Structures are given as C-alpha cells and as structure tokens.
Amino acid sequence: MPAARSRPTPAGYRCAECGWRTAKWVGRCPECESWGTVQEAEPVAAGRVQPATVAPARRARPITEVPTDPVARRPTGEGELDRVLGGGIVPGSVILLSGEPGVGKSTLLLAVASHVAAMGARVLYVSAEESLGQVRMRAERTGSLSQSLLLSAETDLAVVLGQIDEVQPNLVIVDSVQTVSTAEATGIAGGPGQVREVAASLTRVAKERNIPVLLVGHVTKDGQIAGPRVLEHLVDVVCHFEGDRGTALRFVRAVKNRFGPTDEVGCFEMSGEGIVGVADPSGLFLSRAVGTEPGTCVTLALEGRRAIPVEVQALVVPTSAPNPRLVVNGVDSARVAMLMAVLSRHARVAPSRPSDIYVSTVGGVRIIEPAVDLAIALALASAITERPIRGDIAVCGEISLAGEIRPAVQAARRESEAKRLGFGTLLGPDLAWLRDAVIEAVTS
C-alpha cells in the first residue's frame, strides 16, 4: 500500500499571548484572560518529527564536566543600575527596561549609552520613537554627548540589523521594541506577532555576536509589559522603572535576572539636568519635624536588600461632619483603619470626638510591607495625644489584631541602618505589645 500522506490538521484559532488553541473564535482567551488576542491560526501539517543525528560537539555530557567561565561584566556608569543588574551588563545578554510614559526610561538609557561610550566602547542607540534632533537635544541637556555614541532613527527591523552589521557596536539600545516592525511578521507594529519576531531577532543577534542589547518596553494601563508574555521569557533581564510624576524619586527593580539577584532596588532622582543615582536616599524621606512635632514617626522599610528610613506623618483633626474622612498617601487605607481600631481597643488611645484622619509618607514613597504598622500606630497615637515622639527613636514591626508586635523580617539589617543614621533606639524587636510601645515612645 502507498504510504499515507500527512494532511494538514484544522488550524482553528490560537491565542497570540499564550498559544492556547480553540476550534472557534472567542473574544477573551480563557487561559491567560487576555482580550482580543485569539486569532485565526495557520494550518499545521500533521506528522512525526524524525530524530536527527547529534554531532559529537553537541552531545549531552555530565554536568560536572561542563566548564564554567567567569562572566566579565561591563559597568554601565550608573552605580544604582549596576546594583540592580548584579554588577554590570553581561556580554550577549538582552535586558528589557519597562515603565510608564514619562518616568525617565529614555533619559536613563541615554546616560548609560554616554557612560559606556566614554569608556571607549562603540554604542548604537536606535530611536524608533523620536527623531535624531530630539535625542540630540536631550543629550545636550543631560550632558550625554560622546563621539562614540551613534544614533539611528529607524523602525524597520531589517534596517536596524543592517546598522548593527555596519557599525559593529559593543552595546545596542533599542527604544522601543514595540515601535519596531518587520515585513516577515503579520500585524501592525506593537502587535503580539511583531513584538515576538522583533525580540526574537534581536535576541538571536545578541547571542550570536556576544553583544548586549538593551530594550525599552511599553506598559499597559494595568502596569504590565505590553505585547505577548513570551517577550519576558525571551530576554535575560526584566527591569521595571517606576516612580510618581509628582516627585523626583525613581526606583529600578529587577523582576527577572538570569545573572544576579532579583531583590535589589536602585534609587534615582530626576532633575532638569537628567537622572542621578542616589546611593544614600535617607535624606529624601525625612523632614525636620522629627522629634519636634506630634504625629511624626520614623520606620526602616526594606526596598530590596536596602533598609531605607521613611517618615510616617499623621494628622487628626476634629470634625462636625456626619462621616469623618480617612485620607492616606503612601500606605494602605484598610491597614490604617485596622490600626485605629487596635489602638482604641488595646492601647486606650482614640480621639475624644469624631475626627478626620490623615496619614502620609514623606517623599512620595509607598510602603506596603507589614513592618510599617508600628510606625503608623505610633504616629496616630502621637497625633491624638499631641505629644511628639523622641527624635532618636525609629520603629519597625507588624501589629496583630490582639495588639501584639510581631518582629519584622531582616530586623538585624534594619537595626544596623538605624544605628548608622544616628537613631539610638529601634523599637519593635524588643517589645511584645502595642501598649508598651505607646508608653515608651509617646508618653515618655
């Protein structure tokens, strides 16, 4: 009998985000819950993959016989970014930097390009969103001009790859991956297929030629990286650049890092002359009211591996409104309401009449870890009793509904940073109950 010929299987529909398949079209993928990503798939030929002959150089070997070469990292010139990356840029790595519009991604990478070019390396900066004149104006304003920094304003992937062949750079920066397109993939620029093909091509070039590539990524309104989820799997490092537009403070966090830790945080300050790394950000989150005005308390918050002093301020104002207000900034409002109840029940501290309550952090920093509970509670107690907390006291600890103070994680690191900054006492690790902390910090 003649051999049966393979027939193409029905294509159906496929999700461009996660690859989930279905026989009929749906508006929302039930696997990754993305809207509008289910598209008609191409027919797939059914057949069995035949095993290939493995070359001797590619044969599997025991893991103990695999040689290990030390990784030579290239510093970026920005100490805070090097901290997040684990010491610098690894040759052949692909780094994705995402963040909201206007947070400073292009400014930071232009500064990195200038620093690397000043070290004698050749840098290719591909701007797919701005013209060459716009990039030059920013470089002049931030002092990022260098003869070894080459600019190119291109949106075609083929031209970008041709520029890499011609320039032979030591570092490539593409701003941004969602605005570069190729004729080899369907869809518009920024679509799942285009982003996947562009990222895969740049990753392949980085690995083959041992050239590090920095990619700028857009984010959606939910804060997720725009494009298919496979984009984060293709790259080696994913960093998120975040910050409030109302403040000059910026943070860079490593969400994924194949060459270093993911619990480091870099601090930057945005100014009119560019972006500057802040090695010691303690002065950004403390005011002159510590120890002199009621309602202020200092806590040691962890940002990655770094303990940062943050001042929590509280204000309690009597009101005649039927529904008192609770306004918070930088902390969780539900947590503040819970701590007010614990203060009233277990420490016998509560406003004598209905009052509006305001709680905020200094510098616009947001703290979500439970270790800030004790600082919020003592700031509220100080505001209610109108007695200031001593300026040499810092606190940290989680408070339970029973009024118990639970120790914060990495208390030793917080205590060491408190002593370095001149705080004589760190309340929390040595106390067990909230009422004891109120007595020692507020009524003493």
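Heads up: these notes are all about the structure in this document.

About the criteria used
- Residues numbered from 1 in each chain as written.
- Predicted model: local features only at pLDDT ≥ 70, side-chain atom pairs only at ≥ 80, totals over all residues.
- Heavy atoms only, no water.
- Helix = DSSP H or I, 4+ residues; strand = E, 2+ residues; numbered from the N terminus.
- Buried < 20%, exposed > 50% of the residue type's maximum accessible area, 1.4 Å probe, protein only.
- Contact = heavy atoms within 4.5 Å.
- Salt bridge = Lys/Arg side-chain N within 4 Å of Asp/Glu carboxyl O.
- Phe/Tyr/Trp six-rings, centres within 6.5 Å; stacked < 30°, edge-to-face > 60°.
- Axes fitted to C-alpha atoms, helices over the stretch in contact; angles between N-to-C directions.
- Parallel < 35°, antiparallel > 145°, perpendicular 65-115°, else oblique.
- Nonpolar A, V, L, I, M, F, W, Y, C, P; charged D, E, K, R; others polar.
- Pairing = 2+ DSSP bridges.
- Expected span 1.5 Å × (residues − 1).
- Right-handed = clockwise from strand over helix to strand, strands pointing away.

## A short note on the overall build of the protein
Helix and strand content of the protein: 10 helices and 22 strands. Counting only C-alpha atoms and orienting by the principal axes, one finds that the protein spans roughly 90 × 60 × 50 Å. Looking at the protein as a whole, 44% of its 444 residues qualify as buried. In the protein, 68% of the contacts between residues at least 6 apart in sequence involve partners at least 24 apart.

## A look at the pattern of salt bridges
Considering all chains together, one arrives at 17 salt bridges under this definition. Between Arg-253 and Glu-242 there is a salt bridge whose closest N-O contact spans 2.4 Å. One end of the pair, Arg-253, is in strand β12 (residues 249-257); the other, Glu-242, is in strand β11 (residues 237-242), with 11 residues separating them in the sequence. By relative accessible area, Glu-242 is classed as partly exposed at 26%. For Arg-253, the salt bridge identified is with Glu-303, shortest N-O distance 2.8 Å. Of this pair, Arg-253 sits in strand β12 while Glu-303 is found in strand β15 (residues 296-303), placing the two residues 50 residues apart along the sequence.

## Focus on the packing of aromatic side chains
Under the counting rule described, the total for this entry stands at 1 aromatic pair. Aromatic side chains Phe-241 and Phe-268 sit 6.2 Å apart centroid to centroid with 85° between the ring planes, which places their arrangement in the edge-to-face category. Remark: Phe-268 occurs in strand β13 (residues 265-271) and Phe-241 occurs in strand β11; sequence separation between them is 27 residues. According to the relative accessible area criterion, Phe-268 is buried, its value standing at 0%.

## As for the packing of helix α2 (residues 105-118) against helix α3 (residues 132-142)
It is the contact of α2 with α3, at a shortest axis distance of 11 Å, that shows an interaxial angle of 70°. Considered as vectors, α2 and α3 are oriented roughly perpendicular to each other. On the side of α2, the interface is formed by Ser-106, Thr-107 and Leu-110, while α3 contributes Val-135, Arg-138, Ala-139 and Thr-142. In terms of residue class, the contact of α2 with α3 is made up of 3 nonpolar, 3 polar and 1 charged.

## Quick notes on the sheet that holds strand β4 (residues 38-40)
Pairing within the open sheet is antiparallel, and its 3 strands lie in the order β3-β2-β4. Bordering the open sheet on either side are β3 (21-22) and β4, each of which pairs with just one other strand. One ladder, built from 2 bridges, connects strand β2 (residues 13-15) with β3; its direction is antiparallel. Pairing of Arg-14 across the sheet is with Arg-21, part of β3.

## Thoughts on the sheet that holds strand β22 (residues 425-427)
If you trace the 6 strands from one edge of the open sheet to the other, you get β17-β18-β16-β15-β19-β22, paired in mixed fashion. A strand with exactly one partner marks an edge of an open sheet, and here the two such strands are β17 (326-329) and β22. On average, each strand axis in the sheet is tilted by 30° relative to the strand beside it, whichever way the strands run. With 7 bridges joining them, strand β16 (residues 306-318) and strand β18 (residues 355-361) adopt antiparallel strand pairing. Counted as the bridge partner of Val-312 is Thr-361 from β18. Packed on one face of the sheet, helix α7 (residues 333-346) meets β17 and β18 and runs near 125° to β17.

## Regarding unusual backbone geometry
Note the cis peptide between Asp-175 and Ser-176, where omega equals 5°. Phi angles above zero are rare outside glycine, and Glu-386 is one such case at about 60°. You can see Glu-386 is positioned in the loop between α8 (373-385) and β19 (393-395). Phi at Gln-410 is positive, roughly 55°, even though this residue is not glycine. As for its position among the elements, Gln-410 is in the loop between β21 (405-406) and α9 (411-420). Taking the relative accessible area as the measure of exposure, Gln-410 reaches 41% and is therefore partly exposed.

## Some thoughts on α8
Look at α8: 18 Å from first C-alpha to last across 13 residues, which is about the 18 Å you get at 1.5 Å a residue. Across the 13 residues that make up α8, a large majority, 12, are buried. Among all positions of α8, only Asp-373, Leu-374, Ala-375, Ile-376, Ala-377, Leu-378, Ala-379, Leu-380, Ala-381, Ser-382, Ala-383 and Ile-384 are buried.

## Quick notes on the pairing of strand β7 (residues 123-127)
Most of β7 sits inside the fold, with 5 of its 5 residues counted as buried. The two faces of β7 match: Val-123, Tyr-125 and Ser-127 on one face and Leu-124 and Val-126 on the other face are all buried. When β7 meets strand β8 (residues 149-152), the two strands line up parallel, connected through 4 bridges. The partner of Val-126 across the bridge, within β8, is Ser-152. Taken together, β7, α3 and β8 form a β-α-β motif whose crossover is right-handed. Sheet topology note: the β7/strand β9 (residues 171-175) ladder contains 5 bridges and is parallel. Paired with Ser-127 across the two strands is Asp-175, which belongs to β9.

## Observations concerning the environment of Ile-89
Secondary-structure assignment places Ile-89 in the loop between α1 (79-85) and β6 (94-99). Overall, Ile-89 belongs to the buried group, its relative accessible area being 2%. With 14 residues separating them in the primary sequence, Ile-89 and Pro-75 have C-alpha atoms 6.3 Å apart. With residues near it in sequence (within four places) discarded, Ile-89 still touches Ala-72, Arg-73, Arg-74, Thr-76, Ile-95, Leu-171, Pro-212 and Leu-214.

## Comments concerning the side chain of Ser-98
Within the secondary structure, Ser-98 sits in strand β6. With near-sequence residues (within four places) excluded, Ser-98 lies in contact with Lys-105, Gly-217, Val-219, Ile-225, Cys-239, His-240 and Phe-241.

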